[in-house]
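Results of the structural survey
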Amino acid sequence: ALTAAERAIALGLLARSHEALGEWEAAVSAYERYLELQDAAAYQARLCMARAYESLHQPEKAVQQLQGVNLTSLADAQKAEILEELARLLTQLEDHEAALAVYDQILSFAKLGYYRSMILHRKGQLLIDMGREREGVAVLQRVLQEYPETWGAYVALRTLDDINAARIT
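All chains use their own residue numbering, which begins from 1 and follows the written sequence. Reporting of local features is limited, given that this is a predicted model, to residues whose pLDDT is at least 70; pairs of side-chain atoms are given and counted only at 80 or more, and all residues count toward the totals for whole chains, interfaces and linings. The side-chain figures draw on all heavy atoms in the structure; neither hydrogens nor water molecules are used.

This brings us to the packing of helix α7 (residues 113-129) against helix α8 (residues 133-146). Each pair of packed helices can be described by the angle between their axes along with the distance between the axes. Only the contacting stretch of a helix is used when fitting its axis, a line to C-alpha atoms as for every element, and angles between N-to-C directions run 0 to 180 degrees. Strands are runs of DSSP state E lasting at least two residues, helices are runs of H or I lasting at least four, and both sets are numbered from the N terminus onward. Where α7 contacts α8, the two axes come as close as 7 Å, and the packing angle between them is 165°. Looking at the two axes, α7 sits roughly antiparallel to α8. Regarding α7 and α8, the two cross each other, and that crossing is left-handed. Contacts from Arg116, Ser117, Leu120, His121, Lys123, Gly124, Gln125, Leu127 and Ile128 of α7 reach α8 at Glu133, Glu135, Gly136, Val137, Val139, Leu140, Arg142 and Val143. Residue type decides the class: Asp, Glu, Lys and Arg count as charged, Ala, Val, Leu, Ile, Met, Phe, Trp, Tyr, Cys and Pro as nonpolar, and the leftover types, Gly among them, as polar. Classifying every residue of the contact of α7 with α8 gives seven nonpolar, five polar and five charged. Angular relationships are summarised with four words: roughly parallel below 35 degrees, roughly antiparallel beyond 145, roughly perpendicular across 65 to 115, and oblique for the angles in between. Handedness of a helix crossing follows the sense of rotation of the near helix relative to the far helix, less than a right angle counterclockwise being left-handed and clockwise being right-handed. The contact criterion used throughout is that any non-hydrogen atoms of two residues lie within 4.5 Å.

The salt bridge criterion pairs a side-chain nitrogen of Lys or Arg with a carboxyl oxygen of Asp or Glu, the two atoms within 4 Å. Within the structure shown, the criterion is met by twelve salt bridges. As a salt-bridge pair, Glu54 and Arg88 come within 2.7 Å of each other at their nearest N and O atoms. Here the residue Glu54 occupies a position in helix α3 (residues 42-55), and Arg88 occupies one in helix α5 (residues 76-92), the gap between them amounting to 34 residues. Judged by its relative accessible area of 22%, Glu54 falls in the partly exposed class. Among the salt bridges present, the one from Glu97 reaches Arg132, with a minimum N-O distance of 2.8 Å. Here Arg132 lies in the loop between α7 and α8 and Glu97 lies in helix α6 (residues 96-107), a separation of 35 residues in the sequence. Burial here depends on accessible area, computed with a 1.4 Å probe over protein chains only, as a share of the maximum for the residue type. Under 20% is buried, over 50% is exposed, and the range in between is partly exposed.

Along the chain, the position of Arg134 falls in helix α8. Using a relative accessible area of 76% as the deciding quantity, one classes Arg134 as exposed. For Arg134 and Ala165, which are 31 residues apart along the polypeptide, the C-alpha to C-alpha distance reads 9.7 Å.

Another point: the side chain of His18. Assignment of secondary structure puts His18 in helix α1 (residues 4-20). For His18, the residues in contact, after removing those within four places along its chain, are Glu23, Ala26 and Ala27.

What is meant by a nonpolar core is a set of buried Ala, Val, Leu, Ile, Met, Phe, Trp, Tyr and Cys residues, joined one to another through side-chain atoms within 4.5 Å. Membership of the largest hydrophobic core comes to 55 residues, with the highest contact counts inside it found for Tyr34, Leu66, Ile82, Leu83, Leu86, Val102 and Ile106. With nine residues, α3 is the largest single contributor of residues to this core. The contacts of Leu86, once residues within four sequence positions are left out, are Val63, Leu66, Gln67 and Val102.

Here a helix's expected span is defined as the number of its residues, less one, multiplied by 1.5 Å. Under the 1.5 Å per step criterion, the end-to-end length of α8 is 20 Å for 14 residues, consistent within 8% with the ideal 20 Å. Every buried residue belonging to α8 is among Gly136, Val137, Val139, Leu140 and Val143, and all of these are buried. End-on, the buried residues of α8 take up no more than an arc of 160°, which puts them together on one face. Seen from the buried face of α8, the exposed residues on the opposite side, beyond 90 degrees, are Arg134 and Gln145. Looking at the buried side of α8, the elements it contacts are α7 and α9 (151-162). Directions pointing from the helix axis toward each C-beta atom define the arc.

And the structure:
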């Protein structure tokens, strides 16, 4: 008989196999059974389940999986991965206020300038898309001021130029 740990490993492999075959319901089912046995890699399992739900065109269920991740024990990079995916899905679902809150959550711990510039760009773009152009422009100008030599600054400048708000000196 297999131990719980061995069953968890087998279920993880089974879930990955179903993913590779595009069998999303079966993959979700295997991940759910995995999580019943072990939560050591729960954030990864939930991220995979979210992607499976997205492939099934069920973004609401994908959001629920990501919101079910306990972020407190994760490293910043893992937290950022989950939260970026969550913000993207919330934007897709047009829950813009929630997506903005997630971007702010990322910015509360993100330290690297190039990464902060990209998240700030996404936040500024979202504000513009929401019709809050003045706020979005302010966020994008902040990217240019604080992180001028990053890719985020480049895309922020392009976004500002697209709406004729680039005031370049």
